[in-house]
Amino acid sequence: MDDLKIEKIELFKVPPRWLFLKITTKNGIVGWGEPVVEGKADTVAACVKELEQYIIGRNANDIEDIWQILYRGGFYRGGPILMSAISGIDQALWDIKGKFLNVPVFELLGGAVRNKMKMYCWIGGDNPDVVLEQAHEKVKAGYQAVKMNATGGMRWVSSLKDIKTVALNIKLLREEFGYDLDVGLDFHGRVHKPMVKKLIDELAPYEPMFIEEPVLSENNDALKHIYQYTNIPIATGERMFSRWDFKEILHQGVVDIIQPDLSHAGGISEVRRIATMAEAYDVTLAPHCPLGPISLASALHIDFVSANAIIQESSLGIHYNQGYDILDYVRNPEIFNVKDGHIDLIQKPGLGVEINEEKLVEGQKIGHNWANPIWRNEDGNFAEW
């Protein structure tokens, strides 16, 4: 096992807004991870560098012990930066272990409970002009489900005119596709508690698949009021970073779909635990994934082994990825082919993604400085993006 000692960790910051991690062992096995917080790539890269002292020289097979040391070895724990750094490292270690044993990661996690995973992708939801056009494009590409933003920028208490406008997008989709297309609506934390119930009233007649992040995660205490108010499934979790963050909302019974991110919530090891914990509360799983191919592959391996996984997000063609897309750094893009709304089991060893390192090196020369847009209301007050 001395051949599996970790010798080198490399980072590649590449467009559109990603950070890739490469771990190389003594015997030359390479594992890939995706540790990034959107808009904080350099910060997460610095955190990975600080964690190297706990990784270099370790046996790459010791995934759980390394995870525990990275999480518990510091006095301060959790949060988006540390957990995203751990996520990318953890993904890469699972990739190495699968390649070493010549099996896909889902086999190491207990084996598949399904042979394909239902997928959804984004369409523009801020502007009704593009909704139908983009929805037809996605259906033609093989999708049976889409997600869009429910709103643009919202004031703490918006006008009735703004509220009425919100339902137009999903109304157009229902009129065009009937119930042949599932439609998720992402509130994106843009809506404050005083507006949520009124917006739900407008959206309910069009029966969305779920409402995502009806309030920001720091206001999860409001979910108990929202949950009792509607029969639309409530989804949240992309800004929650460990099983300890999910524990309270699961215990309270105020969520139907949890959405941990494989690049933010502790990687494959921790999201597997979160998924299993949710199953005990009869709550479903739909991992968040607006990032790159390694993050998506990691999410799919979790989906393949989780009985409560219902649908998987993909960033293929997402509006954030201007100039670059998820397949641009992949040598085997066929593993992400969508057929009849699903992606088949990834059968290649490890995560199954063959990264085009030459493209990464080219992309690293360009880099990125991606940051959230800053939105303001008419009066100049900050609006949530």
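Position numbers for residues count from 1 along each chain, tracking the sequence in the order it is written. With the structure being a predicted model, the display of local features is reserved for residues of pLDDT at least 70 and the display and counting of side-chain atom pairs for 80 or more, all residues being used for whole-chain, interface and lining totals. With hydrogens and water stripped out, all remaining heavy atoms of the structure feed into the side-chain values.

Engineer: Outline the overall build of the protein, supporting the account with residue identities and numerical values.
Structural biologist: Check the secondary structure of the protein and you find 13 helices and 14 strands. Here the protein has a C-alpha radius of gyration of 20 Å; the compact-globule value for 385 residues is 21 Å, and the two agree. Projected onto its principal axes, the C-alpha positions of the protein cover 65 × 45 × 40 Å. Going through the 385 residues of the protein one by one, you find that 57% of them count as buried. Here a strand is any run of E in DSSP of at least two residues, a helix any run of H or I of at least four, and the numbering for each starts at the N terminus. A radius of gyration in this sense is built from C-alpha atoms; the matching globule rule multiplies 2.2 Å by the number of residues raised to 0.38. The rule is simple: take the accessible area with a 1.4 Å probe, protein chains only, and divide by the maximum for that residue type; under 20% is buried, over 50% is exposed, in between is partly exposed.

Engineer: Provide a residue-level description of the sheet that holds strand β3 (residues 30–33), including the pertinent values.
Structural biologist: Being paired, for any two strands, means DSSP has found at least two bridges between them. What the three strands build is an open sheet, ordered β1-β2-β3; its pairing is antiparallel. Looking at the sheet topology across the chains shown, the edges are occupied by β1 (6–14) and β3. Between one strand and the next, the sheet's axes are offset by a mean angle of 20 degrees, whatever the strand orientation. By the bridge criterion, eight bridges tie β1 to strand β2 (residues 18–25) in an arrangement that is antiparallel. Only the stretch in contact is used when fitting a helix axis, every axis being a line fitted to C-alpha atoms; angles between N-to-C directions are given from 0 to 180 degrees.

Engineer: Go over helix α8 (residues 193–203) with me, naming the residues and quoting the values.
Structural biologist: Taken together, the buried positions of α8 are occupied by M195, V196, L199, I200, E202 and L203. Angularly, the buried residues of α8 cover 155 degrees about the axis, an arc narrow enough to put them on a single face. Contact criterion: two residues are considered in contact whenever any of their non-hydrogen atoms come within 4.5 Å of each other. Packed against the buried residues of α8 are α6 (160–166), α7 (168–177), β6 (182–186), β7 (210–212) and α9 (223–229). The arc in question is formed by the directions pointing from the helix axis toward the C-beta atoms.

Engineer: Please provide a residue-by-residue account of the pattern of salt bridges, values included.
Structural biologist: By salt bridge we mean one thing: a side-chain nitrogen of Lys or Arg within 4 Å of a carboxyl oxygen of Asp or Glu. According to the stated counting rule, one finds 20 salt bridges in the structure shown. The closest approach of N and O atoms between E354 and K348, which form a salt bridge, is 3.6 Å. A relative accessible area of 35% means that E354 is categorised as partly exposed.

Engineer: Any details on the pairing of strand β4 (residues 116–122)? Residues and values, ideally.
Structural biologist: When a strand is regular, its side chains alternate between the sheet's two faces. Burial analysis of β4 places five of its seven residues in the buried class, which makes it a mostly covered element. Summarising the sheet, β4 and strand β11 (residues 312–314) pair through three bridges and their orientation is parallel. In the strand pairing of β11, Y120 is matched with E313.

Engineer: Just give me the short version of the packing of aromatic side chains, but keep the residues and values in it.
Structural biologist: Stacked, tilted and edge-to-face are the three classes assigned to paired rings of Phe, Tyr and Trp, where Trp is represented by its six-membered ring and a pair needs centres within 6.5 Å; plane angles under 30 degrees give stacked, over 60 edge-to-face, the rest tilted. Applying the stated criterion across every chain yields a total of eleven aromatic pairs. Seen in terms of ring centroids, Y71 and W244 are 5.1 Å apart; in terms of plane orientation they differ by 10 degrees. Their pairing is stacked. Placement of Y71 in helix α2 (residues 63–72) and of W244 in helix α10 (residues 243–252) is noted, with a sequence separation of 173 residues between them. The exposure class assigned to Y71 is buried, which follows from its relative accessible area of 8%. Grouping aromatic residues by their ring pairs yields a cluster made of W18, F20, Y324 and Y329. When the NZ atom of lysine or the CZ atom of arginine is within 6 Å of a ring's centre and also within 35 degrees of its normal, the charge is said to sit over that ring. Above the plane of the ring of W370 lies R17, whose end atom (NZ or CZ) is 4.5 Å from the centre. Lying across the ring of Y229, K197 places its NZ or CZ 5.6 Å from the centre.

Engineer: Let's hear about the packing of helix α3 (residues 80–101) against helix α11 (residues 267–280): which residues, and what values?
Structural biologist: Look at α3 against α11: their axes get within 6 Å of each other, and the N-to-C directions meet at 100 degrees. With respect to their mutual orientation, α3 and α11 come out roughly perpendicular. Side by side, α3 and α11 meet where S87, D90, Q91 and W94 of the first sit next to G267, I268 and S269 of the second. Charged means Asp, Glu, Lys or Arg here, nonpolar means Ala, Val, Leu, Ile, Met, Phe, Trp, Tyr, Cys or Pro, and polar covers whatever is left, Gly included. When the residues that make up the contact of α3 with α11 are grouped by side-chain class, the tally is two nonpolar, four polar and one charged. Oblique is the label for every angle not falling under 35 degrees (roughly parallel), over 145 degrees (roughly antiparallel), or within 65 to 115 degrees (roughly perpendicular).

Engineer: So, the packing of α11 against helix α12 (residues 293–305): which residues are in play, and what are the values?
Structural biologist: Across the interface, α11 lies against α12 with an axial gap of 10 Å and an inter-helix angle of 35 degrees. Regarding α11 and α12, the two cross each other, and that crossing is right-handed. Between α11 and α12, the contacting residues are I268, V271 and R272 on the first element and S298, I302 and V305 on the second. Within the contact of α11 with α12, the residues separate by chemical class into four nonpolar, one polar and one charged. By the definition used in this description, the sense in which the near helix is turned from the far one sets the handedness, with an anticlockwise turn below a right angle giving left-handed and a clockwise turn giving right-handed.

Engineer: Kindly report on the nonpolar core, identifying the contributing residues and their values.
Structural biologist: The definition of a nonpolar core used throughout is a set of buried Ala, Val, Leu, Ile, Met, Phe, Trp, Tyr and Cys residues joined through side-chain atoms within 4.5 Å. Residues F20, I23, L51, I258, L300 and F336 are the most contacted members of the largest nonpolar core, which totals 116 residues. With nine residues, the top contributor of residues to this core is α3. The contacts of F20, once residues within four sequence positions are left out, are E10, L11, F12, V14, G33, E34, P35, P293, I294, Y329, I355 and L360. The next biggest cluster of nonpolar side chains, apart from the first, holds seven residues, and it includes A145, F210, I257 and I311.

Engineer: Tell me what's going on with the state of the cysteines, and back it up with residues and numbers.
Structural biologist: Counting rule for disulfides: a pair of cysteine sulfur atoms within 2.5 Å. A full pass over the atoms with the stated rule returns zero disulfides. C289 takes part in no disulfide bond, and the closest cysteine sulfur, belonging to C121, lies 12 Å away.

Engineer: Help me get a handle on helix α13 (residues 357–366), residues and values and all.
Structural biologist: The opening residue of α13, the one whose side-chain oxygen lies 3.2 Å from the backbone nitrogen of E358, is N356. The positive-phi residue at the C-terminal boundary of α13 is G367, with phi of around 65 degrees. Counting of polar contacts relies on pairs of N or O atoms within 3.5 Å, with two restrictions inside protein: one atom must be capable of donating a hydrogen and the other of accepting it, and residues adjacent in sequence are counted only when both atoms are side-chain atoms.

Engineer: Describe the environment of A235, with residues and values.
Structural biologist: If you trace the backbone, A235 turns up in strand β8 (residues 234–236). In this structure the C-alpha to C-alpha distance between A235 and D256, which are 21 residues apart in sequence, comes to 6.0 Å. Every residue in contact with A235, bar those within four places of it in the chain, is listed here: F210, I211, E212, E213, P214, V255, I257 and Q259.

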